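What follows is each chain in one-letter form.
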Amino acid sequence: MSYFQVEKGALKAMHEFLSEQGLDPWVRVEIQFTGCCDATLGLAADKAREGDFSEEHGGVTMVMDPDVYKTVGAVSVAHADEANRQGFVVKSERPLNEWAGFAPVGIVVR
């Protein structure tokens, strides 16, 4: 069973971003809160923790907490590179809200 589907364009953009930041190629899918709207799926530069689900995709290790997986199911990540829409489009088997996957997100560095 696969937890993640990551498009080639997204992998290339992840590699470029993580390399520019001097970070290891690990990306966490997590539930993020924007403060004014519904929660959304986002990405963070973060290594696996004990118990995480993880898969390697084209040199990037994708990780997700099992509780997040129970909530959203399998996740797909694409890359948008348009004039008014740039970043990663993260969608899930069970969307968190009606706007899920609408707005591209960046990779959060903590």
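See the structure shown above.
(A) Spatial organisation of the sheet that holds strand 8 (residues 107–108). With mixed pairing, the five strands of this open sheet are ordered in space as 4-5-2-3-8. In this open sheet, the two edge strands, each paired with only one partner strand, are strand 4 (53–57) and strand 8. Across six bridges, the pairing between strand 2 (residues 26–32) and strand 3 (residues 40–45) is antiparallel. The residue of strand 3 that forms the bridge with isoleucine 31 is leucine 41. Here helix 1 (residues 8–21) sits on the sheet and contacts strand 2, strand 3, strand 4, strand 5 (60–64) and strand 8; the angle it forms with strand 5, its principal contact strand, is near 95°.

(B) Spotlight on the pattern of salt bridges. Scanning the model with the defined rule gives seven salt bridges in all. A salt bridge links lysine 47 to aspartate 24; the shortest N-O distance between them is 2.8 Å. You can see lysine 47 sitting in the loop between strand 3 and strand 4 and its partner aspartate 24 sitting in the loop between helix 1 and strand 2, a full 23 residues away along the chain. The class of aspartate 24 is partly exposed, set by a relative accessible area of 42%. For glutamate 30, the salt bridge goes to arginine 110, with nearest N and O atoms at 2.4 Å. Residue glutamate 30 is found in strand 2, and its partner arginine 110 is found in the segment after strand 8; the two are separated by 80 residues along the sequence. Of the residues examined, arginine 110 reaches a relative accessible area of 64% and is grouped as exposed. Sharing partners across several salt bridges, the network here consists of Arg28, Asp46, Arg49 and Asp52.

(C) Summary view of the sheet that holds strand 1 (residues 4–6). Reading across the sheet, the three strands line up as 1-6-7 and stay open at both edges, with mixed pairing between neighbours. In this open sheet, the two strands that pair with only one neighbour each are strand 1 and strand 7 (85–92). For this sheet the average axis-to-axis angle between neighbouring strands, irrespective of direction, equals 20°. Two elements, strand 6 (residues 75–82) and strand 7, share eight bridges in a ladder whose sense is antiparallel. Counted as the bridge partner of histidine 79 is phenylalanine 88 from strand 7. Across the face of the sheet, helix 1 comes into contact with strand 1, strand 6 and strand 7 while running at roughly 75° to strand 6.

What counts, and where the lines are drawn
Residues numbered from 1 in each chain as written. Predicted model: local features only at pLDDT ≥ 70, side-chain atom pairs only at ≥ 80, totals over all residues. Heavy atoms only, no water. Pairing = 2+ DSSP bridges. Helix = DSSP H or I, 4+ residues; strand = E, 2+ residues; numbered from the N terminus. Contact = heavy atoms within 4.5 Å. Axes fitted to C-alpha atoms, helices over the stretch in contact; angles between N-to-C directions. Salt bridge = Lys/Arg side-chain N within 4 Å of Asp/Glu carboxyl O. Buried < 20%, exposed > 50% of the residue type's maximum accessible area, 1.4 Å probe, protein only.

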